[in-house]
Amino acid sequence: MEIINPYKQTGFWLKGSFHNHTDNSDGWFPLETVYKMYGGYDFLGISDHDKITKHEGKMEIPTVFEAIEVSSRQTHMLLVQPPHIIMEGYSNEFTIENYQRFVDLTVQNGGFAVLVHPNRYFSNYWNLEDMLKMERYLGVEVYNGDGNPEYDIAFDKWDALLSAGRKVWGFGNDDSHVYGQEKQAWNVVKATENTNEAIIDAIKEGNFYVSTGYGFDAIRVEGDTVVADLRSNELLDKMYKYVTFFGKDGQVLQETTGRIKQAKYECKGDEGYVRIAVYLEGGYSAFSQPLFVEK
Ligand SMILES: [Zn+2]
Ligand SMILES: [Zn+2]
């Protein structure tokens, strides 16, 4: 059995969100205010609807990403580091062909694509069939901080794609438009340095997890065992934790609870993949990427 661990590469953990709006589309605030709202983040992407907002002016965030949210009436897709050439004759019309072209041009430019808020059934969402028709996108937004718990999480669609053999990563973003939506969900990336290139390299490898406040110190493989070292210090170690290991079709492989700082799962070989969700009492959470299990 082989367990493919995306968390192998060493580095240090950086925090950021790729999907946020300004008043260049339907956000409430100008770019300068959005930078201030995200003070303390290591990196930030601005992804206005159907527009690439240029980064400019005073900012204290060390690394910023150009992005765009391709926003048809049906589905939305985030492109991080898209080439500006996509704006020539731009159309947000949702066809697999049009969206796939955006994915491919962005990948050629060194960036990546994420299918966002796929379960937002009241407005813009993705059918699983269309997600399966699309190729070469890097991931799915499994946690959107917009604030509708019934619509803005999509672990079900992620498990469906993974179980269909698609290697796609889970992302967490605020999709912030208005005051109060900032700093709800983010990505914690283990990069070699805080640069656009190093962050994108780590993201492409899957060397990141989604957080709403809790985290992992490390995710390791020892023989056939997946080991999650939960974020640990003297204060956190006193708190109760709930750790769930999920496999193919979203089945629960194991649950471990207690005032623990580590949880382990021994693979049997038929899991397909193992992903880990951890909750700290109070509700702060962290969600790992899948570790693919190959026979
Ligand atoms: Zn959207
Ligand atoms: Zn958005």
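Since we're looking at a predicted model, the values are computed, not measured. (Residues numbered from 1 in each chain as written. Chains lettered and ligands numbered in written order. Predicted model: local features only at pLDDT ≥ 70, side-chain atom pairs only at ≥ 80, totals over all residues. Heavy atoms only, no water.)

**Focus on the packing of aromatic side chains**
Threshold: Stacked, tilted and edge-to-face are the three classes applied to pairs of Phe, Tyr and Trp rings, where Trp contributes its six-membered ring and a pair requires centres within 6.5 Å; stacked means planes under 30 degrees apart, edge-to-face means over 60, and tilted covers the rest. Burial classification: accessible surface area is computed with a 1.4 Å probe over protein chains only, and a residue below 20% of its type maximum counts as buried, one above 50% as exposed, and the rest as partly exposed.
Within this structure, the stated rule accounts for 24 aromatic pairs. Geometrically, the ring pair formed by W28 and F29 is edge-to-face, given 6.2 Å between the ring centres and 70° between the ring planes. Overall, W28 belongs to the exposed group, its relative accessible area being 59%. Taken together through their ring pairs, the aromatic side chains of F18, F43, F65, F112, F171 and F208 make up a single cluster.

**Digging into helix 2 (residues 96-108)**
Put simply, the rule is: Every helix listed is a DSSP run of H or I at least four residues long, and every strand listed is a run of E at least two residues long, numbered separately from the N terminus. Expected helix span is taken as 1.5 Å per residue step, with the number of steps being one fewer than the number of residues. By definition in these notes, contact holds between two residues if any of their heavy atoms fall within 4.5 Å.
For helix 2, spanning 13 residues, the distance from its first C-alpha to its last is 18 Å, which sits close to the expected 18 Å at 1.5 Å a residue. Three or more residues of helix 2 are buried, namely N98, Y99, Q100, F102, V103 and T106. Its buried side turned inward, helix 2 meets strand 4 (63-71), strand 5 (76-80) and strand 6 (112-115). Looking one or two residues past helix 2, G110 carries a phi angle of roughly 90°, positive in sign.

**Overview of the sheet that holds strand 15 (residues 262-266)**
Quick note on the threshold: Here, any two strands with at least 2 DSSP bridges between them count as paired. Axis definition: a line fit to C-alpha positions, over the contact stretch in the case of helices; interaxial angles, taken between N-to-C directions, run 0 to 180 degrees.
Strand order in the open sheet formed by three strands is 11-12-15, and the pairing between neighbours is antiparallel. The sheet is open, and its two edges are formed by strand 11 (216-222) and strand 15, each paired on a single side. Direction aside, neighbouring strands of the sheet carry axes that sit 15° apart on average. Here six bridges tie strand 11 to strand 12 (residues 225-230), and the two strands are oriented antiparallel to one another. If you follow R220 over to strand 12, its bridge partner there is V227.

**Structural notes on the environment of D26**
We apply this condition: We define a polar contact as two N or O atoms separated by no more than 3.5 Å, with the added condition that, inside protein, one atom must be a possible hydrogen donor and the other a possible acceptor, whereas residues neighbouring each other in sequence contribute only through side-chain atom pairs.
By the element assignment, D26 lies in the loop between strand 2 (12-17) and helix 1 (31-37). Judged by relative accessible area, D26 falls into the partly exposed class, the value being 42%. The sequence separation of D26 and V178 amounts to 152 residues, and the corresponding C-alpha distance is 9.2 Å. Only 3.1 Å separates the side chain of D26 from the side chain of H49, close enough to count as a polar contact. Among the polar contacts listed, one links the side chain of D26 to the side chain of H177, at a separation of 3.1 Å.

**Topic: the coordination of the zinc ion (ligand 1)**
The condition is simple: The donor definition counts N, O and S atoms within 2.8 Å of each metal and applies 3.2 Å to Na, K and Ca; water is not among these atoms, so some sites may look incomplete.
The coordination sphere of the zinc ion (ligand 1), as far as protein atoms go, consists of E69 (OE), H76 (ND1) and H117 (NE2), spread over 2.0 to 2.2 Å. Within one chain, the residues serving as donors to the zinc ion (ligand 1) are arranged as E-x6-H-x40-H.

**A short note on the coordination of the zinc ion (ligand 2)**
Stated precisely, the cut-off is as follows: A four-donor site is called tetrahedral if each angle lies between 85 and 135 degrees; a four-donor site is square planar, and a six-donor site octahedral, when trans pairs exceed 155 degrees and the remaining angles lie between 65 and 115; all other cases are labelled irregular.
Summarising the metal site, the zinc ion (ligand 2) is bound by the protein donors H19 (NE2), H21 (NE2), E69 (OE) and D175 (OD), whose distances to it range over 2.0 to 2.1 Å. Considering all four donor atoms around the zinc ion (ligand 2), the spread of angles at the metal, 83 to 171°, places the coordination shape in the irregular class. Spacing between the donor residues of the zinc ion (ligand 2) along the chain follows H-x1-H-x47-E-x105-D. Between the zinc ion (ligand 2) and the zinc ion (ligand 1), the interatomic distance is 3.5 Å, and E69 donates to each metal, bridging them. Accessibility assignment for this pair places H19 and H21 in one class, buried.

**So, helix 5 (residues 196-205)**
Those residues of helix 5 lying buried are A198, I199, I200, A202 and I203. Backbone geometry just after helix 5 places G206 at a positive phi near 85°.

**Here's the deal with the pairing of strand 8 (residues 169-173)**
Put simply, the test is: When the strands point away from the viewer, a crossover counts as right-handed if the path from the first strand over the helix to the second runs clockwise.
Of all five residues in strand 8, five are buried, a share of seventy percent or more. Sheet analysis places strand 7 (residues 139-144) next to strand 8, joined by five bridges and oriented parallel. Along strand 8, the bridge assignment pairs G139 with W169. Taken together, strand 7, helix 4 (residues 155-163) and strand 8 constitute a β-α-β crossover, and its handedness is right-handed.

**A few points about the domain arrangement of the protein**
The figure often quoted for interface size is the accessible area lost as the parts come together. Here is the rule: Residue ranges assigned to the domains are those given by an automatic or database domain assignment. By definition, the buried area sums, over both parts, the 1.4 Å-probe accessible area that each loses when the two are put together. One side-chain nitrogen of Lys or Arg within 4 Å of one carboxyl oxygen of Asp or Glu is enough to make a salt bridge.
By the assigned domains, the protein splits into domain 1 (2-211) and domain 2 (216-294). The C-alpha centroid of domain 2 is placed 24 Å from the C-alpha centroid of domain 1. Taken together, the contact pairs 23 residues of domain 1 with 27 residues of domain 2. For the domain 1 and domain 2 pair, buried surface summed over both sides reaches about 2,200 Å², with 58% attributable to carbon and sulfur atoms. On inspection of domain 1 and its partner domain 2, the count reaches two salt bridges. Between R275 and D159 there is a salt bridge, with its nearest N and O atoms 2.8 Å apart. At the junction of domain 1 with domain 2, the criterion picks out 13 residue pairs in polar contact (both at pLDDT 80 or more). Of all elements in the fold, only strand 1 (2-4), helix 4, strand 8 and strand 10 (208-211) reach the threshold of two or more residues within the side of domain 1 that touches domain 2. No other element matches the five residues that helix 4 contributes to the side of domain 1 that touches domain 2.

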